[in-house]
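# Descriptive analysis of the structure
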Amino acid sequence: MEDVLVIGGGNAALCAAISAAELGARVLLLECAPKDFRGGNSRHTRNIRCMHDTPVDVLTDAYPEDEYFDDLLRVTGGETDEHLARLTIRSSSDVRAWMAARGVHFQRALSGTLQLSRTNAFFLGGGKALVNAYYRTAERLGVRIVYEADVRKLEMTDGRFLAASYVKNGEAQRVEARVLVAAAGGFESNLRWLREAWGPAADNFLVRGTPYNMGWVLRELIDGGAQMIGDPTQCHAIAIDARSPKFDGGIVTRLDSITLGIVVNKNGDRFYDEGEDLWPKRYAIWGRLIAQQPDQIAYSIVDAKMQRRFMPSVYPPIEANTIPELALALGLDPHALKKTVDEYNLAVEAGTFDHTILDDCKTHYLTPPKSHWAQHLDTPPYWGYPLRPGITFTYLGVKVNEHARVLLQDGVPSPNVFAAGEIMAGNILGKGYLGGIGMTIGTTFGRIAGEGAARYVMA
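None of the values given here were measured: they were computed from a predicted structure.

### A short note on the overall build of the protein
Check the secondary structure of the protein and you find 12 helices and 19 strands. Since a compact globule built from 459 residues should have a radius of gyration of about 23 Å, the 23 Å found for the protein is in line with a globular shape. Projected onto its principal axes, the C-alpha positions of the protein cover 70 × 50 × 40 Å. Counting contacts in the protein only where the partners sit at least 6 residues apart, residues at least 24 apart contribute 73% of the total. Counting every atom, the protein has about 17,600 Å² of accessible surface; 51% of that belongs to carbon and sulfur. In the protein, 48 positive and 54 negative side-chain charges are present, and the distance between their average locations comes to 4 Å.

This is the structure in structure tokens:
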């Protein structure tokens, strides 16, 4: 029998496995993906959101606890567990030292991400470098890793974990362990489950993240008596280039041009305030907004003045010298798009443009408004990008306490089941998203779960 079984292969799972092994537990980690694609959605990440009271290493200025929590309240509309959220925020103040000691390197924010230099610490080499560092550390500590292990069944009695069954190379395997850490992500890769939540609109969604998060472990925990938390339609969903692959396109498919121009639907109509707030606090609402539009398609349009101010997509823009020509190239009604752009240009008020702050460039008497960074769309060539909802991870999960223990239907924590990462992120993210907080949640609760699992074994 194993001491600690960790199911999952991303940031939270690795933090749990490393933490448990460092305390002396024998750890088995089951990763569903092949080795070349290991790491879940963590390999697509770039940074972690951290609180700090003074400038420190790669972070500028200060980002105190209350400001961090206020930002979280705004994006979630108050749908967060304050106790767990503040625990996560506080733990982020010294998390970089823990990560660095296990092989993760950081770098300062570079051009295009400078607005994040105060709040987010960037990984040198991105999420894949982080994942590789953690796997090296786990292997050095003696963690046994099995790739392509597709866990489909958990054996639980009265909320107590007994064993897991998985398939590898077509053969069924069964493993018993004294403790389970569930860190297998949400259900975003399960298109049937997405359709149950969203209806036919889900057929037009793209899954920006890993194709291996099918939600089998989440379903087994719920069927085994764990309390659910979260809305199945809530998710980290951003606007990505509509030409992206169905799965695993990653961060390069994201479009960051939205705040610098306008966004219209297939009818040529604007449908939301593109300048509502700073991009790191709003980029993750645009997937849901586009999901609510006809045929789940939208178009980002900018002019020449803005074309060097955002990180370009991996796909080239569709370019034209007039708005009607751009409409035709995008497959839109030229008259409808020109009418929308003309009305928008008439409503723009002069101000001092500054994309790093909430500036005073806005529209007047326009619905929906553009609250910041409003500039006339009048300088050719014009660029257009087709957009689709790109889901990274879902928020439906299992409820946990501050010790990362999974809570059962009667509110009592399971004696030997812990959860970390996306599978419990819904405790903190009822809706909305703050850039980098997913890694903060995964790192915090991965460490708590791993340490708790090891102490349970050693007791």
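### Digging into the packing of aromatic side chains
Enumeration over the complete set of coordinates arrives at 11 aromatic pairs. Taking 5.0 Å as the distance between ring centres and 25° as the angle between the ring planes, the aromatic pair formed by Y63 and Y68 counts as stacked. Just as Y63 is buried, Y68 falls in that class too. Three or more aromatic residues joined by ring pairs form one cluster here, namely F271, Y272 and W286. Taking the ring centre of F69 as reference, the NZ or CZ of R86 above it sits at 4.2 Å. Over the aromatic face of W193 sits the side chain of R219, whose NZ or CZ is 4.1 Å from the ring centroid.

### Brief notes about the environment of F37
You can see F37 is positioned in the loop between β2 (27-30) and β3 (47-49). A relative accessible area of 38% places F37 in the partly exposed class. A C-alpha to C-alpha distance of 9.4 Å links F37 and Y212, two positions 175 residues apart in sequence. Those residues in contact with F37 that sit more than four places away from it in its chain are R43, Y212 and D248.

### Focus: the sheet that holds strand β4 (residues 106-107)
With antiparallel pairing, three strands are arranged side by side in an open sheet as β3-β5-β4. Two strands bound the open sheet, and with one partner strand each, they are β3 and β4. For β3 and strand β5 (residues 120-123), the ladder comprises three bridges, and the chain directions are antiparallel. Bridge pairing in β5 places I48 opposite A121.

### Side note on the side chain of Q234
Its location among the elements puts Q234 in the loop between β11 (228-229) and β12 (235-241). Overall, Q234 belongs to the buried group, its relative accessible area being 10%. Every residue in contact with Q234, bar those within four places of it in the chain, is listed here: R288, T394, Y395, G430, K431 and G432.

### Remarks on the nonpolar core
One finds L5, M99, L154 and L221 to be the most contacted residues of the largest nonpolar core, which totals 126 residues. In terms of residue count, the dominant contributor to this core is helix α1 (residues 11-22) (nine residues). Setting aside its immediate chain neighbours within four residues, L221 contacts L154, M156, L180, A182, A226, V398, V417 and I423. With 20 residues, the next largest nonpolar core counts I262, I297, L337 and L377 among its residues.

### Some points on helix α12 (residues 437-458)
One full turn of an α-helix is made of 3.6 residues, so residues set three or four places apart face in the same direction. Between the first and last C-alpha of α12 there are 31 Å, a value that for 22 residues agrees with the 32 Å anticipated at 1.5 Å per step. With respect to burial, α12 is a largely interior element, 16 of its 22 residues being buried.

### Some thoughts on the packing of helix α10 (residues 323-330) against helix α11 (residues 334-347)
Close contact between α10 and α11 brings their axes to 8 Å; oriented N to C, the two are set at 130°. Taken together, the axes of α10 and α11 are oblique relative to one another. In this structure, the crossing between α10 and α11 has a hand that is right-handed. On α11, the residues touching I323, P324, A327 and L328 of α10 are P334, L337, K338 and V341. When the residues that make up the contact of α10 with α11 are grouped by side-chain class, the tally is seven nonpolar, no polar and one charged.

### Describing helix α6 (residues 191-198)
Looking only at α6, the buried set comprises W193, L194 and W198. Buried positions in α6, seen along its axis, are confined to an arc of 120° and lie on one side of it. Set apart from the buried face of α6 by more than 90 degrees, the exposed residues are R192 and E196. Its buried side turned inward, α6 meets α7 (216-223), α9 (286-291) and β16 (382-394). Just downstream of α6 lies G199, where phi reads positive at about 80°.

### A look at the pattern of salt bridges
For the structure shown, the criterion picks out 24 salt bridges. A salt bridge links D203 to R195; its shortest N-O distance comes to 3.0 Å. Overall, D203 belongs to the partly exposed group, its relative accessible area being 43%.

### Examining the environment of S189
Among the secondary structure elements, S189 is positioned in the loop between β9 (171-182) and α6. With 204 residues separating them in the primary sequence, S189 and F393 have C-alpha atoms 8.5 Å apart. Leave out the neighbours within four places in its chain, and S189 touches V207, T210, P211, Y212, N213, M214 and F247. A polar side-chain atom of S189 sits 2.6 Å from the main-chain carbonyl oxygen of T210.

Cut-offs used in this document
- Sequence positions are assigned chain by chain, starting from 1 and proceeding in written order.
- Since the coordinates come from a predicted model, pLDDT governs what is reported: local features require at least 70, and pairs of side-chain atoms require 80 or more to be given and counted, while whole-chain, interface and lining totals use all residues.
- The basis for every side-chain value is the complete set of heavy atoms in the structure, and neither hydrogens nor water enter the calculation.
- Strands are runs of DSSP state E lasting at least 2 residues, helices are runs of H or I lasting at least 4, and numbering of each runs from the N terminus.
- Note on method: radius of gyration uses C-alpha positions; expected globular size equals 2.2 Å times residues raised to 0.38.
- When checking whether two residues touch, look at their non-hydrogen atoms; a contact exists if any pair is within 4.5 Å.
- All accessible areas in this document rest on Shrake-Rupley with a 1.4 Å probe, and a residue is counted as covered only by the protein chains that are shown.
- Residues scored as positive are Lys and Arg, those scored as negative are Asp and Glu, and His as well as the terminal groups of each chain are ignored.
- We put the charge of a Lys on NZ, of an Arg on CZ, of an Asp on CG and of a Glu on CD.
- Within 6.5 Å between ring centres, the rings of Phe, Tyr and Trp (the latter by its six-membered ring) count as paired, and their orientation is classed by plane angle as stacked under 30 degrees, edge-to-face over 60, tilted in between.
- Only protein chains enter the area calculation, which uses a 1.4 Å probe; residues under 20% of their type maximum are buried, those over 50% are exposed, and those in between are partly exposed.
- Criterion for a charge above a ring: Arg CZ or Lys NZ at most 6 Å from the ring centre, at most 35 degrees from the ring normal.
- In this analysis, strands are considered paired if DSSP registers two or more bridges between them.
- We define the nonpolar core as a collection of buried residues of types Ala, Val, Leu, Ile, Met, Phe, Trp, Tyr and Cys that are connected through side-chain atoms lying within 4.5 Å of one another.
- Here a helix's expected span is defined as the number of its residues, less one, multiplied by 1.5 Å.
- Think of each axis as a best-fit line through the C-alpha atoms, taken over the contacting stretch in the case of a helix, with angles from 0 to 180 degrees between the N-to-C directions.
- Roughly parallel here means an angle under 35 degrees, roughly antiparallel means over 145, roughly perpendicular means 65 to 115, and every remaining angle is called oblique.
- By the definition used in this description, the sense in which the near helix is turned from the far one sets the handedness, with an anticlockwise turn below a right angle giving left-handed and a clockwise turn giving right-handed.
- Three residue categories are used. Nonpolar comprises Ala, Val, Leu, Ile, Met, Phe, Trp, Tyr, Cys and Pro, charged comprises Asp, Glu, Lys and Arg, and polar comprises the others, including Gly.
- Each C-beta atom gives one direction from the helix axis, and the arc is the one those directions make.
- Just to be clear on terms, a salt bridge is a Lys or Arg side-chain nitrogen sitting within 4 Å of an Asp or Glu carboxyl oxygen.
- Whenever a nitrogen or oxygen atom comes within 3.5 Å of another N or O atom, the pair is scored as a polar contact, on the condition that within protein one atom can donate a hydrogen and the other can accept it, and that pairs from neighbouring residues in sequence are kept only if both atoms are in side chains.

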